[in-house]
Amino acid sequence: MASTFSNDDETATAEFEAVALPFMDALYGRAFNLTHSEADAGDLVQETYLRAYRAFAGFTPGTNCKAWLFTILYSIFVNQYRKTQREPDTVSMDELEENFHTTLADENWEADFSALANVELDWQGPEVTAALDKLPESFRTAVLLVDVEELNYEEAAGVLNCPVGTLRSRLFRARKILFMELRDYARKTGFLREPHV
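Analysis parameters
Residues numbered from 1 in each chain as written. Predicted model: local features only at pLDDT ≥ 70, side-chain atom pairs only at ≥ 80, totals over all residues. Heavy atoms only, no water. Helix = DSSP H or I, 4+ residues; strand = E, 2+ residues; numbered from the N terminus. Buried < 20%, exposed > 50% of the residue type's maximum accessible area, 1.4 Å probe, protein only. Contact = heavy atoms within 4.5 Å. Salt bridge = Lys/Arg side-chain N within 4 Å of Asp/Glu carboxyl O. Expected span 1.5 Å × (residues − 1). Phe/Tyr/Trp six-rings, centres within 6.5 Å; stacked < 30°, edge-to-face > 60°.

*Asks:* Can you explain the overall build of the protein chain? Please cite residues and give values.
*Replies:* Helix and strand content of the protein chain: 10 helices and 0 strands. Along the protein chain, helices (α) and strands (β) appear in the sequence α-α-α-α-α-α-α-α-α-α when read from the amino end. Considering the protein chain as a whole, with its 197 residues, one finds that 40% of them fall into the buried category. If you take every contact in the protein chain between residues at least 6 apart in sequence, the share linking residues at least 24 apart comes to 70%.

Below, the structure written as structure tokens:
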């Protein structure tokens, strides 16, 4: 369905600003998570808004503008920045999952996992950022879109251009790995009880 927004340039600009600009901080945060560079994140957000403005006549009022903007941002990242930027060092998913299965032998793991799942994480904190950086980019982005930006599964899958089932699988695996990476930190900060010796 085509936009019902006005074709008048001044009115269209005002409508675009009212609908799209409130998400600038969220876009910048995700852009920084993807590029690991303030300058590149700024460029990525600027390019996202430029493309969004050009395509705004096709935006459907009442739909999720945040998800629409993330779709544009992620598309630009995949097509441009990923080609030129070195992916941060990640750990193989097989290695991370092997460590997770080793942890399953710990009798406290289920209680710890439940406790950590209910903790309000500081997603900008250095420990969480380091744990996220160990995830492959598609897993990291899935977590950020669903758990931080609170997009629903369908919206996040649309941003990542993948089936909802693939998104759910990535989230499940990524959350297990984040649990592994943050478990010791959670104990040190008192979120989790130290295991009884």
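Additional details are given in the paragraphs that follow.
*Asks:* Which residues make up unusual backbone geometry, and what values go with them?
*Replies:* We note that His 36 has phi near 60°; this positive angle belongs to a residue other than glycine. If you trace the backbone, His 36 turns up in the loop between helix H2 (24-35) and helix H3 (38-54). By relative accessible area, His 36 is classed as partly exposed at 31%. Here the phi dihedral of Glu 150 falls at roughly 60°; this positive angle occurs in a residue that is not glycine.

*Asks:* Before we move on, can you summarise the pattern of salt bridges with the specific residues and values?
*Replies:* When the charged atoms of two side chains lie near each other, side chains of opposite charge can form a pair. Overall, the coordinates contain 4 salt bridges when judged by the stated rule. Here Arg 30 makes a salt bridge to Glu 149, at a shortest N to O gap of 2.2 Å. Of the two residues, Arg 30 sits in helix H2 while Glu 149 sits in the loop between helix H8 (137-148) and helix H9 (153-160), which places them 119 residues apart along the sequence. The class of Arg 30 is buried, set by a relative accessible area of 6%. One connected set of salt bridges, linked through shared partners, spans Arg 30, Lys 66 and Glu 149.

*Asks:* Any chance you could break down H8 for me, citing the residues and the numbers?
*Replies:* The α-helix winds at 3.6 residues per turn, so residues separated by three or four positions along the chain end up facing the same way. In a regular helix each residue adds 1.5 Å, so 12 residues correspond to 16 Å; H8 covers 15 Å between its end C-alpha atoms and thus fits that length. Those residues of H8 not exposed but buried are Glu 137, Ser 138, Phe 139, Arg 140, Thr 141, Ala 142, Val 143, Leu 144, Leu 145 and Val 146.

*Asks:* Help me get a handle on the packing of aromatic side chains, residues and values and all.
*Replies:* One pass over the full model with this rule turns up 8 aromatic pairs. Plain terms: the ring middles of Phe 56 and Trp 68 are 6.3 Å apart, the flat faces sit at 50° to each other, and that makes the pair tilted. Of this pair, Phe 56 sits in the loop between H3 and helix H4 (65-84) while Trp 68 sits in helix H4, and the two are 12 residues apart along the sequence. Overall, the relative accessible area of 4% leaves Phe 56 in the buried class. Aromatic pair Phe 59 and Trp 68: ring centres 4.9 Å apart, planes at 45°, arrangement tilted. Each residue in the set Phe 16, Tyr 49, Tyr 53, Phe 56, Phe 59 and Trp 68 is aromatic and connected to the rest through ring pairs, giving one cluster.

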